[in-house]
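Architecture at a glance
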Amino acid sequence: MMLGGTTTALLALLGAFSGTLSFPARQAQTPLLWSHRESAKFLHITDMHLDPYYTTGAPVSNSCHEPKRQPTTRRGRTSDDRLAGPFGTPGSPCDSPLPLINETMRFIHDILLPELSFVVWTGDSARHDSDSRIPRKEDEIRLLNSVAVRYIVSAVSSGGEVPDIPVVPNIGNNDIYPHNDLAFTPGIPNDTLDYYVGLWSQFIPPSQIPDFRTHGSFAVDVNEHLIVASLNTMYLSNSNKMVGDCQEGGPGNLPDEKRIAGDTVLSWLEQLLHSSAVGNKAVYIIGHVPPNQVNLYPTCYKRFASIMEKYVGTVKGQFYGHMNVDHHFFPITNPVKPKESEPPFERPASYTLDVATARIPSWLTAYYRYLMEHYTALRGHQKAHPHYQPPAPVFVSPSVVPSFNPSLRVFTYSTDSGDLNGYNQYYVDLERVNALASSDTTVNPLYPVLSEDEFPGYIYETLYDPVRDYGMKGFRVEDWVKLGGRMNKDSHKGRELKRAWTRNLVVGVEGLEDRL
């Protein structure tokens, strides 16, 4: 693909899309049927980062784009003489090629969809702004998001243009222009939020549109017992310099036009949780930026954590993306503070990870240490205060974009209580898949059918099941608290458990589990 006009490349993307997604029709599954089952499943997909410029065989140092001229080096990039693989390039500044997205959607439609009751989709569908030769523009970001909607709908549809099951999307920091910055305009139309109202019209309930136009959040009743709240974390994120921190003590009785963006979002969330608790309904919260003190404005984090501790029995699960690494944590009001000696947690938009020599980005090393201290401190606090009930863990799913290896996650839950029962983590072993694939993957590549594959003819396979592979007694909150404590024990079992957890942190990329 030539690096000509953006419009030409995007039109080519749309042409590739229309020519490659063709799924067999199946009988539609309505949400009502799932509400009468004791347990069901839902999909969490995040950070697709579609890139119409990705070219198999292009230099990784060019963001896997066709090499006409050397691009300006971006912050966070190191020298990398690898070439782009047909299904993606792990540990690189490159985004997702269309063959990866096509095969991801085919796997969802053919393998996962028959057992799914709904989908949570936590943002970042547009490519990163990683190539100075083709800077992102707002029209490209919007077009890539519209293509992503068509992908998702086709993957969870029995043949029409309407999904068979509820889809709950969320705005990512790369789904807005410029990235990270989303203005708060109470009482004034917000062009970005208005755009997503139209794009997501089949996902946002009509009754929720006024709230979404104001602060970008909305809620969906996925069954009679369970609500999914899509929280606009861009108004809480400390990377969004167009809004400030929340107010100490909350907004009080301030009129909407004088409220801080984060206070407006959190007031909406607290009202939703209060009414859900009164109505004896469970709530899942989804968002893009994970809510810890690393990512949120300090006062916004404190208020969010206090709300989570207040509604322990109502919030049954939280699901986020953004970080591209697989982990969990607990939003508590007395969190572990990062050590002053640690490097900053600021995560570059993209980075090169030297897989061969396990050269690890400094932010990941610091974040890993922070998580270990968080787990240890929380376990110790719970032992000292046995009546303390921590909130439901925040599950951060790794991404489709191959920062490490591409991944998808499917949770199992109780339809009556909303309690989570477990999940399966699926991934693509890119080193293996790229070696097997044909070099011509521009249109619907045919993955070799191998008899030993878990899903013959598909590139995804199971990476792990946490209950089984971490030796957990169950999937309760206390089981996740104990997992953190078990990993940090100075014993052979503790070290082996931490190695397994760390390998999954980087989505099965070998050679890193002993280097963090």
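Presented here is a report on the structure given in the accompanying data block. This structure is a prediction, so every number in the text was calculated from the model and none was measured. (Residues numbered from 1 in each chain as written. Predicted model: local features only at pLDDT ≥ 70, side-chain atom pairs only at ≥ 80, totals over all residues. Heavy atoms only, no water.)

Section: the overall build of the protein
Rule in force here: The secondary structure listing takes helices from DSSP runs of H or I that are at least 4 residues long and strands from runs of E that are at least 2 residues long, numbered from the N terminus. Relative accessibility under 20% of the residue-type maximum defines a buried residue, over 50% an exposed one, and the middle range a partly exposed one, all with a 1.4 Å probe and only protein chains included. Contacts: residue pairs with any heavy atoms within 4.5 Å of one another. We get accessible surface area from the Shrake-Rupley algorithm with a probe of 1.4 Å; when it comes to residues, only the shown protein chains can shield them.
For the protein, the helix and strand inventory stands at 13 helices and twelve strands. When burial is assessed residue by residue, the protein has 59% of its 516 residues classed as buried. Considering only intrachain contacts with a sequence separation of at least 6, the fraction spanning at least 24 residues in the protein is 75%. Of the roughly 20000 Å² of accessible surface on the protein, 51% is carried by carbon and sulfur atoms.

Side note on the environment of valine 394
Inspection of the secondary structure assignment puts valine 394 in strand β9 (residues 394-396). With 109 residues separating them along the chain, valine 394 and isoleucine 285 place their C-alpha atoms 9.1 Å apart. The residues contacting valine 394, other than those within four sequence positions of it, are Pro291, Gln318, Tyr320, His327, His328, Phe329 and Pro331.

A closer look at the nonpolar core
Our working rule: In this description, a nonpolar core means a group of buried Ala, Val, Leu, Ile, Met, Phe, Trp, Tyr and Cys residues linked to one another through side-chain atoms lying within 4.5 Å.
Residues Ile45, Met48, Trp121 and Trp200 are the most contacted members of the largest nonpolar core, which totals 138 residues. Excluding anything up to four places from it in sequence, methionine 48 contacts Ser96, Ile101, Met105, Trp121, Gly123, Asp124, Ser125, Ala148, Ile152, Val400 and Val401. The next biggest cluster of nonpolar side chains, apart from the first, holds five residues, and it includes Val60, Cys64, Ala84 and Cys94.

Describing the sheet that holds strand β4 (residues 218-223)
Strand pairing in a sheet relies on backbone hydrogen bonds, with the paired strands running either antiparallel or parallel. Heads up, the condition is: Whether two strands pair comes down to DSSP finding at least two bridges between them. All axes here are fitted lines through C-alpha atoms, helices being fitted over the stretch that makes contact, and every angle between N-to-C directions spans 0 to 180 degrees.
Across the sheet, six strands lie side by side as β4-β5-β6-β7-β9-β8; this open sheet has mixed pairing. Only two strands of the sheet have a single partner each, and these edge strands are β4 and β8 (327-329). The sheet shows a mean angle of 20 degrees between the axes of neighbouring strands, taken without regard to direction. Both strand β5 (residues 226-230) and strand β6 (residues 282-286) contribute to a ladder of five bridges, which runs parallel.

Quick notes on helix α3 (residues 98-112)
Selection rule: Helix span, as expected, comes to 1.5 Å for every residue beyond the first.
With 15 residues, α3 ought to run about 21 Å at 1.5 Å a step, and its terminal C-alpha atoms sit 20 Å apart, in line with that. For α3, the buried fraction is high: 13 of the 15 residues fall into the buried class.

Things to note about the sheet that holds strand β11 (residues 420-427)
Spatial strand order, β3-β2-β1-β10-β11-β12: six strands in an open sheet with mixed pairing. A single partner strand is all that each edge strand has here, and the edge strands are β3 (167-169) and β12 (461-464). For this sheet, the mean inter-axis angle between neighbouring strands, taken without regard to orientation, is 30 degrees. Bridging between strand β2 (residues 116-121) and β3 involves three bridges; their strand directions are parallel. Bridge pairing in β3 links valine 120 to valine 168.

A look at the state of the cysteines
Test applied: In what follows, a disulfide is any cysteine sulfur pair within 2.5 Å.
In the structure shown here, the tally under the stated rule is two disulfides. Paired by a disulfide, cysteine 246 and cysteine 300 hold their sulfur atoms 2.1 Å apart. One quick way to see it: the torsion about the S-S bond of cysteine 246 and cysteine 300 is about 95 degrees, and its sign makes the bridge right-handed. Separated by 54 residues along the polypeptide, cysteine 246 in the loop between β5 and α7 (261-278) and cysteine 300 in helix α8 (residues 298-310) bring together distant segments of the chain. The buried category is assigned to cysteine 300, whose relative accessible area is 0%. Each bonded cysteine in the protein gets a number by its place in the sequence, and the pairs come out as 1-2, 3-4.

Some details on the pattern of salt bridges
Inclusion rule: Here, a salt bridge means any side-chain nitrogen of Lys or Arg that lies within 4 Å of a carboxyl oxygen of Asp or Glu.
Applying the stated criterion across every chain, the model contains 18 salt bridges. A salt bridge links glutamate 270 to arginine 303; the nearest nitrogen and oxygen atoms lie 3.7 Å apart. Pair noted here: glutamate 270 is in helix α7 and arginine 303 is in helix α8, with a separation of 33 residues, a long-range link. Using a relative accessible area of 22% as the deciding quantity, one classes glutamate 270 as partly exposed. On the basis of relative accessible area, arginine 303 is assigned to the buried category, the value being 14%. A single network of salt bridges, built from pairs that share partners, joins Asp263, Glu270, Arg303 and Lys310.

Thoughts on unusual backbone geometry
Looking along the chain, the bond that leaves tyrosine 177 and enters proline 178 is cis, with omega of -10 degrees. Counting through the fold element by element, proline 178 comes out in the loop between β3 and α5 (191-199). Positive phi, normally seen in glycine, also occurs at histidine 49, with a value near 50 degrees. Here histidine 49 lies in the loop between β1 (39-45) and α3. The exposure class assigned to histidine 49 is buried, which follows from its relative accessible area of 1%. At asparagine 180, a position not held by glycine, the phi torsion is positive, near 80 degrees. As for its placement among the helices and strands, asparagine 180 is situated in the loop between β3 and α5. The buried category is assigned to asparagine 180, whose relative accessible area is 15%.

So, the environment of serine 237
Which entries qualify depends on this criterion: In protein, a polar contact means a hydrogen-donor-capable atom and an acceptor-capable atom, both N or O and within 3.5 Å, with residues adjacent in sequence counting only if both atoms are side-chain atoms; elsewhere, any N or O pair within 3.5 Å suffices.
Relative to the elements of secondary structure, serine 237 occurs in the loop between β5 and α7. Classification of serine 237 by relative accessible area gives buried; the value is 3%. Considered as a pair, serine 237 and leucine 296 are 59 residues apart in the sequence and their alpha carbons are 4.5 Å apart. In this structure, serine 237 is in contact with Val289, Asn295, Leu296 and Tyr297, ignoring residues within four places of it in sequence. Polar contacts involving the side chain of serine 237 include one to the main-chain amide nitrogen of serine 239, which spans 3.1 Å.

Details of the pairing of β11
The element β11 is extensively covered by neighbouring structure, given that six of its eight residues are classed as buried. Here strand β10 (residues 407-414) folds back onto β11, and the loop between the two strands holds five residues, one of which, glycine 418, carries a positive phi near 80 degrees. Two elements, β11 and β12, share three bridges in a ladder whose sense is antiparallel. Looking at the pairing, tyrosine 427 lines up with glutamate 461 of β12.

Quick word on the packing of aromatic side chains
Definition in use: Stacked, tilted and edge-to-face are the three classes assigned to paired rings of Phe, Tyr and Trp, where Trp is represented by its six-membered ring and a pair needs centres within 6.5 Å; plane angles under 30 degrees give stacked, over 60 edge-to-face, the rest tilted.
All chains considered together, the criterion is met by 34 aromatic pairs. On the numbers, 6.4 Å between centres and 15 degrees between planes, the contact of tyrosine 423 with tryptophan 480 is stacked. Taken together, the residues tyrosine 423 in strand β11 and tryptophan 480 in helix α12 (residues 477-487) connect sequence positions 57 residues apart. Chaining the aromatic ring pairs together yields one cluster made of Phe42, Phe118, Tyr284, Phe319, Phe395, Phe411, Tyr413, Tyr423, Tyr464, Tyr470, Phe475 and Trp480.

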